[in-house]
Amino acid sequence: MPKTMEDSSPPSTEALRAGVEAYFSQCEAEGVFPDWAGLKLFLGQFDDQTYEQWQEGDDERAAACREIFAMAAARRESWLIRKMTSDNKAVQGCLNALKQPQNGGYADRPRESGEIKVTINLAGVGGEEAFK
């Protein structure tokens, strides 16, 4: 796959968007799932931290990068859902991929936060006098 970006410096948002679109077009032409690892290989940047750095900050460029990667994640999620609902043999594989954070982060059960909350209602138990 061609590398469209050579160094770790952030590309222009236009180049990044074009690279992501080219990757999705190639995957569609080949009939393969546009996975996150494949996108990294296609763009020529292999470290997740690089992509995280491109999205940090409140500036317009970081916001555009977040939007581009959010769109890519939504397209991967959509691909997996469409595949699993149209091909019974692919259901489990698609579900496993959907559980990955970069593809939707689906969960079979609600996630526990690890926080336990206890509420004590003292109304009608004697007020302050009961604790003396």
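See the structure printed just above.
The structure presented is a predicted model; accordingly, all values stated were derived computationally and were not measured. (Residues numbered from 1 in each chain as written. Predicted model: local features only at pLDDT ≥ 70, side-chain atom pairs only at ≥ 80, totals over all residues. Heavy atoms only, no water.)

A. Examining the overall build of the chain more closely. In terms of helices and strands, the chain carries five helices and zero strands. The order of α-helices and β-strands along the chain, N terminus first, is α-α-α-α-α. Taking as baseline every contact in the chain between residues at least 6 positions apart, the subset at least 24 positions apart corresponds to 51%. As displayed, the chain has an accessible area near 9,200 Å², and 51% of this comes from carbon and sulfur atoms. (Helix = DSSP H or I, 4+ residues; strand = E, 2+ residues; numbered from the N terminus. Contact = heavy atoms within 4.5 Å. Areas by Shrake-Rupley, 256 points an atom, 1.4 Å probe, with all protein chains shown as cover.)

B. Just the layout of surface pockets, in detail. Its volume calculated, the largest pocket comes out at about 190 Å³. Taken together, Phe24, Cys27, Glu28, Gly31, Val32, Pro34, Arg75, Ser78, Trp79 and Arg82 form the lining of the largest pocket. Broken down by secondary-structure element, the contributors of at least two residues to the lining of the largest pocket are helix 1 (13–30) and helix 4 (60–86). For the lining of the largest pocket, the leading source of residues is helix 4, giving four residues. Looking at the lining of the largest pocket, its residues break down into five nonpolar, two polar and three charged. (1 Å grid on protein atoms, 1.4 Å probe; cavity = no way out; pocket = protein on both sides within 12 Å on 5 of 7 lines; lining within 4 Å. Points joined across faces, edges and corners; volume = space filled by probe spheres on them. Nonpolar A, V, L, I, M, F, W, Y, C, P; charged D, E, K, R; others polar.)

C. How the structure looks around the pattern of salt bridges. Using the criterion set out here, one finds four salt bridges in the structure. Residue Glu67 is joined to Arg17 by a salt bridge in which the shortest nitrogen-to-oxygen separation is 3.0 Å. Here the residue Glu67 occupies a position in helix 4, and Arg17 occupies one in helix 1, the gap between them amounting to 50 residues. For Glu67, a relative accessible area of 38% puts it in the partly exposed group. Its salt-bridge partner being Asp48, residue Lys40 comes within 2.9 Å of it at the nearest N-O pair. By relative accessible area, which is 33% here, Asp48 ends up partly exposed. (Salt bridge = Lys/Arg side-chain N within 4 Å of Asp/Glu carboxyl O. Buried < 20%, exposed > 50% of the residue type's maximum accessible area, 1.4 Å probe, protein only.)

D. Representation of helix 3 (residues 48–55). All buried positions along helix 3 are accounted for by Thr50, Tyr51 and Trp54. End-on view of helix 3: buried residues confined to an arc of 95°, all on one side of the axis. Structurally, helix 3 contributes buried residues whose contacts are with helix 1, helix 2 (36–43) and helix 4. Trailing helix 3 by a residue or two, Gly57 shows a phi angle of about 105°, which is positive. (Arc of directions from axis to C-beta.)

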